[in-house]
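Descriptive structure summary
Each chain, written out:
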Amino acid sequence: MKKIINNKLYNTDTATLIGEYENGYSCSDFCHMAEYLYKKRTNEYFLYGTGGPLSKYGERIGNEMCGGSVIIPLSDKVARAWAMKHMDADEFINAFGDVEE
C-alpha cells in the first residue's frame, strides 16, 4: 500500500517490516484486525492497519460498514511503545537496539 501523508510517501513495498500483530480472529471474521510496523529508509516509522467491518479499521460507506486499511505515521516513541506491547524482547532489540537492564 502507498499513501502520501503531509507530503511524505509511505510505501509498504519499500519499507522494512519490523513487527506485526493480529488480534486472533479468523481473517473471515468481521472483527479481524492486523497491524504491521514498518521502518522507512529515512528511519521514520509507520503502522499499516487493516481489518474487517467491525474492527477499528472498519469504514462506513453509506449505510454499510466495510473492511478498511490505513497508514499511520508514528513517532519513534509511539513506535517503540507499540513494539513493546506486540513484539517479544529479541524482536524489539533487533529492531530498536539494546535497552538498559
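Structure report, in brief. (Residues numbered from 1 in each chain as written. Predicted model: local features only at pLDDT ≥ 70, side-chain atom pairs only at ≥ 80, totals over all residues. Heavy atoms only, no water.)

What follows covers the pairing of strand β2 (residues 8–11). As judged from the four bridges shared by strand β1 (residues 2–5) and β2, these two strands associate in the antiparallel manner. Its bridge partner lying in β2, I5 is registered against K8. The hairpin turn running from β1 into β2, its antiparallel successor, is two residues long, and N6 in that turn takes a positive phi close to 50 degrees. (Pairing = 2+ DSSP bridges. Helix = DSSP H or I, 4+ residues; strand = E, 2+ residues; numbered from the N terminus.)

With that settled, the discussion passes to helix α2 (residues 89–96). Turning to α2, its buried residues are F92, A95 and F96. Buried residues of α2, seen end-on, are gathered within an arc of 75 degrees and therefore sit on one face of the element. For α2, exposure combined with an orientation more than 90 degrees from the buried face picks out D90 and N94. Buried residues along α2 sit in contact with β3 (16–22), β4 (33–39), β5 (45–51) and α1 (76–86). Positive backbone phi, approximately 95 degrees, marks G97, located one or two places after α2. (Buried < 20%, exposed > 50% of the residue type's maximum accessible area, 1.4 Å probe, protein only. Arc of directions from axis to C-beta. Contact = heavy atoms within 4.5 Å.)

It is worth spelling out the pattern of salt bridges at this point. The final tally for this structure, using the stated rule, is four salt bridges. A salt bridge links E44 to K8; its shortest N-O distance comes to 2.9 Å. With E44 in the loop between β4 and β5 and K8 in strand β2, this pair connects stretches of sequence that are 36 residues apart. In this structure K8 comes out as partly exposed when scored by relative accessible area, which is 39%. Among the ionic pairs, E44 bridges to K40, the shortest N-O distance being 3.4 Å. When its relative accessible area of 13% is taken as the criterion, K40 is described as buried. (Salt bridge = Lys/Arg side-chain N within 4 Å of Asp/Glu carboxyl O.)

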